[in-house]
Structure formats: structure tokens, C-alpha cells
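Coordinate analysis (summary)
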Amino acid sequence: MLSPVSVRGRLLAAFGAMVVLTTAVGGVGWFGLGETERALLSLQREGLGNIALAMRMAELSTGLAARAPFIAAIEATPSLDEERSQLELKLADLTGLVNRLPGLERASLHVPSDVPSLVRLAGRLDGTLRNLMDVTGEAIAVRAEASAIRLGLEHQRILGETLAGAAAKTFEHPGFHGLEGTGTPPLPFSVLRLADRTRDAVSAALTTTIPADLARWYSGFDADRQSLRAIDTTAPALAIMAPSLDQLLAVLDSQAAVFDIRTRQLGIEQRSRFLVAAANTLSVQLNREVESVTSTMQTAARSRGDATFSALSSGKASILALGALCALAAIAAAVYVMRDVAGNLRAVTRAMSALAGGDRLVSVPATGRPDEIGDLARAFSVFKENVAERDALARKLGENSRMLEAVFVNMNDGLSVFDENGRLVTWNPRFLDLNGFTPAEVAGRELAELQRSLLRRGVGIRMLDGSSVDLDALTRLRTEQAVRCEHHFPDGRVVELHSSPMPSGGFITTYSDLTERKDIEKQLRHALKMEAVGQLTGGIAHDFNNLLAAIMGNLQMIHDESPEQDPVRGKALRALDAAERGATTIQRLLAFSRQQALQPQAVDLNELVEGMLDLLAYGLGGGIVLKTALTPGLPPALVDPGQLENALLNLVVNARDAMPDGGTIVIATEAATQDSRQDGSDAIVLSVRDDGSGMPPAVLSRVFEPFFTTKRFGRGSGLGLSMVYGFVRQSGGKVDIQSEAGVGTLVAMAFPRARMLPETLVLPRDAGPVEGGPERILVVEDDPAVRTTTVDMLTALGYRAVPAASAEEALLLLEGTAFDLLFTDVILTGGMNGPALVAIAKVRQPTLQILFCSGYARDFLVESASLPLDIHFIQKPYQKPLLAAQIRNVLGGGAPPAARGRAEISALPGQA
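Residues numbered from 1 in each chain as written. Predicted model: local features only at pLDDT ≥ 70, side-chain atom pairs only at ≥ 80, totals over all residues. Heavy atoms only, no water.

Tallying secondary structure elements over the chain gives 27 helices and 18 strands in all. Among the 912 residues that make up the chain, the fraction classed as buried is 43%. Contacts in the chain between residues at least 24 apart in sequence constitute 67% of all its contacts with a sequence separation of at least 6. For the chain, the exposed surface amounts to about 46400 Å²; the carbon and sulfur share of it is 56%. (Helix = DSSP H or I, 4+ residues; strand = E, 2+ residues; numbered from the N terminus. Buried < 20%, exposed > 50% of the residue type's maximum accessible area, 1.4 Å probe, protein only. Contact = heavy atoms within 4.5 Å. Areas by Shrake-Rupley, 256 points an atom, 1.4 Å probe, with all protein chains shown as cover.)

If you want it as C-alpha cells, here you go:
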């Protein structure tokens, strides 16, 4: 049934009144208006609907591409599963929209060229996002494996320390020394170093982004693991290490997989970035195809509108031409129909044209009509809303683009992008800052031009290993694979470049400033060098002490046995003084190597400085002013006062020598709080500052090396600052030096704060002459000269001295002869050392008294040779009066000096 409010019903009602008079006119009008109606309905059904469908497809493809970075960043499997289910729905929606667009039917499923590009792009976007989901799943799984290994690092550290402790206890096993020469187990710090290196290799593998480093770290890791596995714990002396070693090796075997895990992780990250970029590219291409289809649909819609207007014009002309008799009826029909229908249709058309011209505020007329014009107006209103939504989406995309640009501009590292022709396309401000360029210098430039500009400014371009590079070959390699190199600037800055090729051609490069990291590495290498030099000087000092022991002992006997008028007596005395100066030099070497014997006590640094001012000022000479800046109320520092006085005197003399034309020396004290120290402990700082000539960086880096001096020959030994360095470090403190050529030098010594200590009791420096006795003494010394000299001195004192060249020879003598005192060197050649000999000798002769000696300091022996603290000890080289006093003290039953000072010695940092 026709609706009386429809356009068709109105036309029939109007023409019904004229059916008799204007049959022909009605037929023509009926035909023309019917064609108009079909054209309008076709426009409504096909044109506008397809355009809305295309807009929906563009919106959906853009949303899918925007989800790609979020998918790549998912870190949990539940979130990935939830995202996968949502993605499946959106991909199905996209596939349905593609198949609904007209003109996209596949001609052949087996011929790729017959598949429309829009369908191909949608399929590729579908596959890319699904691959990205799979890659993200792999990343989550690999990340979980890496996390499990990272959690095991702390357990590995504990096992390494436990193993080191067990290794330390092997030295106490009676059968340990029988293993020497057949593979003695590593010292505790050696075992701990192996465990630490394996843990460092695992930590580095978890964070590195360089595949080549993974192979290098795995090689070191496997070598250290094999070194630990090579320890033979079946020997009784080493059985205590077996449980800890087995647990550590089990952990290392499980952590060996980290290198393969990290390799897979790096590959997954690269695939993920590629898939995200591919998704964005496909989205852009898909939107372009949608815009093309939309443009085609708009053209078809305009054609249908033109056809409609043509049909209307033709119908009106035919009606007017058929008869004048129907003029009044035709005019009435035209007024009735055209004013109501065509007017609204033209209004809708004008609104559509305004909207197409960019006017988003145009109002849509006739939306309240119940007829076809109303349907058309309402459909147009929906189209307007879709256009508004698309504009909003475009604005959102613009905001995202601006946000990405802000991130690009504010990156901490430099960034540049070169196209396939090697021409600079874009860069961020940090790129200009790191390379010293201006925008005008780099805009549109090729890489070769930029490199030549850097070379002209003295910038060195090298590989990471320091080797030179072929710039042309390096440029070609950048477009094929990831490349890393360094720029070395004249001002000392080092910038690392990391280039990666792009799928579309060209490459992208990041620039990182490594200057600070290089400086830290240089400081670490210097610290390791100083530690090695300290170990070397300690060994040299031990050998010299043995030589000086023989020299000083024989000189002492020559002096004592010569008549007072004999010239030999004076010569022996001068030689003895020279030997004592040599012993003092050896003590300085021991101070540098932190192996000298210290007697730390609570010292008020302000009182110590004030008490030395007269002595210090006396040796400065004219033109030099000595000032103090002492902080009142300082807590006491734990330090050996005698050694500290020597160190302070050395620093003041160095400051004086740096000011030949006069100047000012300032001695200051202050308290360093926990916040200002990296180890979180309290410290008392004593510093010496001068305004002398200062030192350049090349000299400053070597000032603590022994025998290094800038003074002319004969003015300095080069041991002053090295002695200060060793003394401060052995005292548990830290020494820091700052100097600038032409400005001056500041040396600061930081010592630990003293706690409450018992009063120190020491023997008088001059106890008077000490005579010998009739006791029998067994002298165990592997150095023939020292052994003979010692026996002669003891014999001269009246003792019955029996020599032994080794521990084994001494045990044979102990079996058949009773001795009152065993005088033995701590370090003996052969299979048994001094402490081990004493342990067996005390079992055979419980009343036997013990006196140790060594060219090494007692503190060093306590730490390295398991020497007990509560023992009698005399250090080489020793003179006859000191030896006589010490032996008389031991045989007389007096408490040894070491025991009386034990509480303070054990309070030293690192020896508790």
C-alpha cells in the first residue's frame, strides 16, 4: 500500500486528478520520476553505505596498527592471551569489512595477481599481527628463563663465598702441605675470584646487546668453570671444599644456558621491532587503498546524482511539451511536488557539497521528513558523523606524532637517519651537540661529507678495538648489518656509534657519550697496576730484608769484636749505618705494599699536627708560610702515630719543593660523614694543600708509583708518596690527590674513626744491654748467610745455638735433643713452613719456647701464612741488641709485644 506521505504517493495523487486530460503527460512523468526514484535509492543504498563501510575499515586498520607497539611491550602471558582474543575479533571484523566492499571479489584464489591489493594488504596485516603475538609469547618465555637465572646470581655469590671460606680452612689441615708440588688448591681469594668472574660473566650476558660479547664471555665462563671443576677434592686435606664446590658447579651448569637464552632474546627483540614497523607500514598502505576505493565511490555517487537531475529535467521538458491544456495542472503539480521534494533535495545536495568542501558545521535539512528525502537526509547525517569521527581520529594521530617528535628531540643519545644514498634525512639536537655540528652544516649532507668535516677538526674514527677504519667500506657495511665504532674528539670525549640497517634502505645510527665510562675504566686499570706493583715491592722487600739481616748481623759482630782503636770498627759502624738506612728504605717499600707492621691507636689529629708545627716550620725555609685549618672537637682517628708523622712530614716536604719561589702550605683536618663516603663509614681527614707549581695529568696519574719522581737526580728517592699511599691504605683509609698545573696540589688522607681501645703497652725503646745465657737454641733458617750470622750472634751472646737448614732437619734434631727455644723463619723452602714445624715441635717438647722471624711483616704473615696473632715475632733485619732482648724476653717468660698489642692490631679494618 502506498503511503500518503511518500513522494511516490504524493505524485500519484497529484497526477490522478489530471489522468483524463494528461494521460500522456502522466506516463512521461511517471517514467521520469520512477527513474529518479531508482537513482536516489541506488545512491542511498550503495554510495553512502559503501563510503561508511570504507571509513569503518580505515578506522579499524589504524587501530590495529596502533596496537602493535602495545603487543610488543606485553610482559605477562595472561595479558597476551587476553590481547590475542581481542585481536582475533578485530581481525575477523577487518576481514569481513574487506569482503563486503564492492569490486573486491577475487578472480582466482590461486593467482596472486588476481587478488585485489586491498585484500592482500589486509591479509598481510593479519599475518603480521599474528606473528607479532607469537614473537611476544616467545619473548615472555625467554624473559622468564633469564629471570630465573638472574635470581640464582645471589645464591651463586653465597656459594662462592662459602667455597672460599672452605678453601681457607684447607691451610689448617695437617695434610695440606703434602699436596704442594702436586696441585695445591687455590688460595681463598683465588677461588672467590673464579666464582666472582663466572657470576660477572652471567650478569654481563643478561644485559649485553652484542652477540660477539656473548661468545667471549661464554669462553671465559667455561674456562673458570673448568678451573673450579679441576680442583681435586678427593684428597683428605681438600675434602672440606667438596660440598660447597659441588653445589657451586651445579649452579654454574644450570646457568650456562644464559648465553643461549640471551642470544634468542636478542633475535626476538629484533623480530619484534621489525614486525611493529611492518604493521605500521601495512596500515598506511591499507588506508591509502581505502582512500582510493572511497574516492571511486564518491565519484560514482556524484554520477548517480547527475543522472537523477538529468532525468528530472527531461521529464519536466516532456510534460511541458505535450499539451498546453495541462498547463494549469502541470503548474499546480510542479508547485506541489517541486517545491516540497526538489527544494529539500537541493538543500541536502548543497549540504553535501559544503561538507565535501570542508565545512564540518553545516546543518542537515529535512531530517524530520517521513519520506525518501527524509531517509536521504538522515543517511547524510550519519555520513557527517562518520566524517567528524574521522577528523577526530586524524587529530589524535597528529597528537601522537607530536609526542613521538618530543621523545625524539629530548633523547639522551644522539640519533640520525640516512637514506639508501647515504644522505642525512633527519636528526635530533643531541646528534648536533655530540658531534659539534650546526643544523646548516648537516642539512641534506652525505655521510662522507660529515666524516670529512669531523676529520678536519681532528676527530679520530676508530673501531671499538682501537683499529683504524676504511670509511667507504664502513659506509657500505652500515646498510647491510649492525656496525659499532667510536669517535675520539680532541678534547678527550669518546662517542660510540651504533648503526643498524633499515628494511626500506639506508640505516639509523645512535650516538652515546662514553667519556665518563672510559675515565672509570682508566682509573680501574690504574688501581690494578698499583696493586700489582705493591705485591712486587713486597716480595723485593722480603728478599732485601734477608740480605740485610746477614749484612747487619756480621757488621754488628765485626764492630763488637774490634778494639776501639781499630779503624775497622769505625768502618763497620759506617757500613752498619748505611745498612740501617737501607732497612728504612725497605720499610718504605713495605709501607707502599701495605705489608709493614703498624701499631694503630686512638690519635687526636689536631694535637699531632700542633705538636709537629715547630718541626715542620723549621725545615721550610724563607718565603713559605705554614698555616693550619683544624676543625675543633674532632673524634680520634685509628692510626699509627709514628707512621702518620712520617707521612705528614713527607707531604709538607713535597709541598715545599713544589714552591721554589715561596708560597703557602695549609694543613687542615675535618670529619667526613657517611653521606660523603661511598662505603658508608665515618672518617677523619688530614689534608695538605699548597699553591705551588702543581702537576699535569700525565704526572698526576703516576705519583703513587714507587721510585717515580720529577725531582732532579739526588733530590728524591721517589718513595715518599708511594709510602704515604701504602700506609694510608694499610690503615684502612683512603688517600686522594688533586692537582692542576700552575694552581697547586691538595693531598687528603682519610683514616677510620677510632673506637674505645685498651691502653697500649710497649717495651721501652732502650732497655739497656741484654746478656745471653746457657740455654740451647735451635735456629731454623733456609738462607745459609742469615743462618750462619744468627748462630754466630747467639753464640757470641753465650747461647748454645744449633743450626738447621729446613723443617725436616729440625725435626730430626728435636727427636734426640732437648731445646729451650725454637727460633724459626716463618717461610721455609721445602714441604713445611714455620707454623707447621712449631705445631709438631710443641707436641714433641711441650715446654719448648717459640720465636718467629721473617723478612715479611707480621700483619702480612697473619693474613697470608695463617700465623697466629699471639706469638713472639722479630722482623728481619734485626741487630744483635734487639735479638738479644727479644730472646731474653721469650726465655724469661715475659709476654710478647705482639700479645700486648693484639687488641689494637685486630681492630684494623680488614683484619678483624
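Moving on, we come to the pattern of salt bridges. Tallied over the entire structure, the rule returns nine salt bridges. Between E446 and R423 there is a salt bridge; the shortest N-O distance is 3.2 Å. Of this pair, E446 sits in the loop between α12 (439–442) and α13 (447–456) while R423 is found in the loop between β1 (414–418) and β2 (424–427), placing the two residues 23 residues apart along the sequence. With a relative accessible area of 34%, R423 lands in the partly exposed category. (Salt bridge = Lys/Arg side-chain N within 4 Å of Asp/Glu carboxyl O.)

With 14 residues, helix α21 (residues 784–797) extends 20 Å between its outermost C-alpha atoms, agreeing within 8% with the 20 Å of an ideal straight helix rising 1.5 Å per residue. Looking at α21, one finds that the buried residues are V786, R787, T789, T790, V791, M793, L794 and L797. Backbone nitrogen of A785 and a side-chain oxygen of the N-cap are separated by 3.1 Å at the start of α21; the cap is D783. Positioned one or two residues after α21, G798 has a phi angle of 105°, which is positive. (Expected span 1.5 Å × (residues − 1). Polar contact = N/O pair within 3.5 Å; in protein donor to acceptor, adjacent residues only side chain to side chain.)

Before going further, it helps to spend a moment on the packing of aromatic side chains. One pass over the full model with this rule turns up four aromatic pairs. An angle of 40° between the planes, with centres 6.1 Å apart, marks the rings of F431 and F437 as tilted. On the basis of relative accessibility, which here comes to 9%, the residue F437 falls in the buried class. These aromatic residues form a ring-pair network of at least three members: F431, F437 and Y511. Between the NZ or CZ atom of R493 and the centre of the ring of F489, over which it lies, the distance is 4.2 Å. (Phe/Tyr/Trp six-rings, centres within 6.5 Å; stacked < 30°, edge-to-face > 60°. Lys NZ or Arg CZ within 6 Å of the ring centre and 35° of its normal.)

Another aspect to go through is unusual backbone geometry. Going from K876 to P877, the amide bond is cis rather than trans, its omega being -5°. Mapped onto the fold, P877 is located in the loop between β18 (873–875) and α25 (880–891).

Here we come to the sheet that holds strand β6 (residues 507–513). Strand order in the open sheet formed by six strands is β2-β1-β6-β5-β4-β3, with antiparallel pairing between adjacent strands. A strand with exactly one partner marks an edge of an open sheet, and here the two such strands are β2 and β3 (460–463). Recorded for the sheet is a direction-independent mean angle of 25° between the axes of neighbouring strands. Examined bridge by bridge, β1 and β2 share three bridges and lie antiparallel to one another. When the bridges of β2 are listed, V417 appears paired with T426. (Pairing = 2+ DSSP bridges. Axes fitted to C-alpha atoms, helices over the stretch in contact; angles between N-to-C directions.)

At a minimum axis distance of 11 Å, the contact between helix α17 (residues 605–618) and helix α18 (residues 641–657) shows a crossing angle of 50°. Viewed along their axes, α17 and α18 adopt a mutual orientation that is oblique. α17 and α18 meet at a crossing whose hand is right-handed. On α18, the residues touching L605, L608, V609, M612 and L616 of α17 are P641, L644, E645, L648, L649 and V652. (Parallel < 35°, antiparallel > 145°, perpendicular 65-115°, else oblique. Left-handed = near helix turned anticlockwise from the far one by under 90°.)

On to the sheet that holds strand β14 (residues 776–780), then. Within the open sheet, the five strands sit side by side as β15-β14-β16-β17-β18. Their pairing is parallel. At either margin of the open sheet sits one strand with a lone partner, and together these are β15 (800–804) and β18. Going from strand to strand, the sheet's axes swing by 20° on average, the running direction of each strand aside. In this sheet, β15 lies alongside β14 in parallel orientation, the contact comprising five bridges. Looking at β15, one finds that I777 is bridged to A801. Running over the sheet, helix α23 (residues 834–844) touches β14, β16 (821–825) and β17 (849–854) and is turned about 160° from β16. Contacting β14, β16, β17 and β18, α25 runs over the sheet at an angle of about 150° to β17.

Right, let's get into the pairing of β1. Extensive coverage of β1 is indicated by the burial of five of its five residues. With antiparallel pairing between neighbouring strands as the criterion, β1 and β2 make up a hairpin whose turn holds five residues, including G422 at a positive phi of roughly 75°.

In this model, α17 (14 residues) spans 20 Å end to end at C-alpha, consistent with the 20 Å of a helix rising 1.5 Å per residue. Those residues of α17 not exposed but buried are L605, N606, L608, V609, M612 and L616. On the buried face of α17, the contacting elements are β7 (601–603), β8 (624–630), β9 (637–639), α18, β10 (663–672) and β11 (683–690). Put simply, D604 is the residue that caps the front of α17, since its side-chain oxygen is 3.0 Å from the backbone nitrogen of N606.

By the element assignment, T128 lies in helix α4 (residues 117–169). Side-chain polar atoms of T128 contact the backbone oxygen of R124, separated by 2.7 Å. Beyond its immediate sequence surroundings of up to four residues, T128 is in contact with L275, A278, A279 and L282.

As a further point, take the nonpolar core. Grouped together as the largest cluster of nonpolar side chains are 63 residues, with contacts concentrated most on L94, L125, L129 and L228. For L129, the contacting residues outside a window of four places in its chain are L64, A68, L87, L91 and A279. Of all hydrophobic cores here, the second largest spans 38 residues; its members include I667, I684, V699 and V735. (Core = buried A, V, L, I, M, F, W, Y, C linked by side-chain atoms within 4.5 Å.)

Moving on, we come to the environment of I551. Residue placement: I551 occurs in helix α15 (residues 515–561). Judged by relative accessible area, I551 falls into the partly exposed class, the value being 42%. Along the sequence, I551 and A575 sit 24 residues apart, while their C-alpha atoms lie 9.0 Å from each other.

Examined against the element boundaries, E486 turns out to sit in strand β4 (residues 483–488). Reaching out from E486, the side chain makes a polar contact with the side chain of H488 at a distance of 3.0 Å. Among all residues touching E486, those that are not within four sequence positions of it are G460, I461, R462, M463, L464, V494, V495, E496, L514 and K518.

The next point concerns the packing of α21 against α25. Packed helices, taken two at a time, are described by the angle their axes make and the gap between the axes. For the pair α21 and α25, interaxial distance at closest approach is 11 Å and the crossing angle is 70°. The angle between the axes of α21 and α25 places the two elements in the roughly perpendicular class. Handedness of the α21/α25 crossing: right-handed. Residue-level inspection shows T790, M793, L794, A796 and L797 of α21 in contact with α25, the latter providing K880, L883, A884 and I887.

This paragraph deals with the confidence of the model for the chain. Averaged over all residues, the pLDDT of the chain equals 75, while 73% of them reach at least 70. Averaged over each element, pLDDT in the chain is lowest for helix α27 (residues 902–905) (30) and highest for β14 (94). Note on residues 106–111: pLDDT under 50 across the span, and seven contacts to partners over four residues away in sequence or across chains. The model gives residues 756–767 a pLDDT under 50, and that stretch makes 13 contacts with residues more than four places away or in other chains. (pLDDT = per-residue confidence, 0-100.)

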